[in-house]
Amino acid sequence: MRNLPKLFTGATLSVALLTGCSGQGAAAPAPSSPTPTYRLTPRPVRPGERPITAAPVMDGDTRFQVIGLQTGLSEFVGSHGEWQAKGQYVVVRIVADNPGRTNSRYDAKRQKLLTADGAEYGIDRFAQAIKRQPDTLPLGAEVRIEMDLWFDVPKTAQVIGIRLYGDPPLGVGGTTKGVTVPLA
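Since the structure is predicted, the reported quantities are computational estimates derived from the model, not experimental observations. (Residues numbered from 1 in each chain as written. Predicted model: local features only at pLDDT ≥ 70, side-chain atom pairs only at ≥ 80, totals over all residues. Heavy atoms only, no water.)

Draft legend 1. Inspection of the pattern of salt bridges at higher detail. Per the counting criterion, the structure on display carries 10 salt bridges. For Arg105, the salt bridge is made with Asp107, and the minimal N-O distance between the two is 3.9 Å. The partly exposed category is assigned to Arg105, whose relative accessible area is 45%. Taking the relative accessible area as the measure of exposure, Asp107 reaches 12% and is therefore buried. (Salt bridge = Lys/Arg side-chain N within 4 Å of Asp/Glu carboxyl O. Buried < 20%, exposed > 50% of the residue type's maximum accessible area, 1.4 Å probe, protein only.)

Draft legend 2. Main features of the environment of Gly178. Relative to the assigned elements, Gly178 resides in the loop between β10 (159-164) and β11 (179-182). Among all residues touching Gly178, those that are not within four sequence positions of it are Asp59, Arg163, Leu164 and Tyr165. (Helix = DSSP H or I, 4+ residues; strand = E, 2+ residues; numbered from the N terminus. Contact = heavy atoms within 4.5 Å.)

Draft legend 3. Highlighting the pairing of strand β9 (residues 144-153). Among the 10 residues that make up β9, seven are buried, leaving the element largely enclosed by the rest of the structure. Sheet topology places strand β4 (residues 82-97) next to β9; 10 bridges connect them, and they run antiparallel. When the bridges of β9 are listed, Val91 appears paired with Trp150. (Pairing = 2+ DSSP bridges.)

Draft legend 4. Structural context of the side chain of Thr115. Within the fold, Thr115 resides in strand β6 (residues 112-115). Note on Thr115: relative accessible area 1%, which makes it buried. Here Thr115 is in contact with Tyr121, Ala157, Gln158, Val159 and Ile160, once residues within four sequence places are set aside.

Draft legend 5. Local environment of the environment of Val95. The topology assignment puts Val95 in strand β4. Along the chain, Val95 and Phe64 lie 31 residues apart, while their C-alpha atoms are 5.6 Å from each other. Filtering out sequence-adjacent residues up to four positions away, Val95 remains in contact with Arg63, Phe64, Gln65, Ile67, Arg144, Ile145 and Glu146.

Draft legend 6. Inspection of the packing of aromatic side chains at higher detail. Within the structure shown, the criterion is met by four aromatic pairs. Between Phe76 and Tyr89, the aromatic rings sit 5.0 Å apart at their centres with planes inclined by 70°, giving edge-to-face as the arrangement. Of this pair, Phe76 sits in strand β3 (residues 62-77) while Tyr89 sits in strand β4, and the two are 13 residues apart along the sequence. With respect to burial, Phe76 and Tyr89 carry one shared label: buried. With centroids separated by 5.7 Å and ring planes inclined at 75°, the aromatic side chains of Tyr89 and Trp150 adopt a geometry described as edge-to-face. Here the residue Tyr89 occupies a position in strand β4, and Trp150 occupies one in strand β9, the gap between them amounting to 61 residues. Trp150 carries the same exposure label as Tyr89, and that label is buried. An aromatic cluster is defined as three or more aromatic residues linked by ring pairs; in this entry it consists of Phe76, Tyr89 and Trp150. (Phe/Tyr/Trp six-rings, centres within 6.5 Å; stacked < 30°, edge-to-face > 60°.)

So, in structure tokens, the structure goes:
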């Protein structure tokens, strides 16, 4: 029974600290106001490209938005050469960003173009290199980047979507399952 006063004092102190000594419980939340947004300068769609108005999607720690699509390209010109498609080039313009507080990794080689016959196509690494588009890159906290994904698919292929893969959250091993964005 000699420790009863110490026990009572400790319990009282804990209650006071947890309630903030206000005696009124938790404070009412402050009224919320709309979060301001950036006003970015509108840009024209590139020649031959059609705008895509897909909603942003998340996979792992990466947010993606598809903003443009070109199909049926038989060739392209790079900074020092031109190249013919084996079938047709399809170019998907995306925005990738990391809304988190830690770094994540973007890997273009994981992205897959989907066609009506059920086939999946990876990027054309040669086209990506000639057009100077990134293969892999770190996405720092709150970093946003816009880029093209170049695919070489059969001439008769009907593009229906793209499956985009982000980076798993920090501390989670393995890979993500991807998220599909319709393009048809």
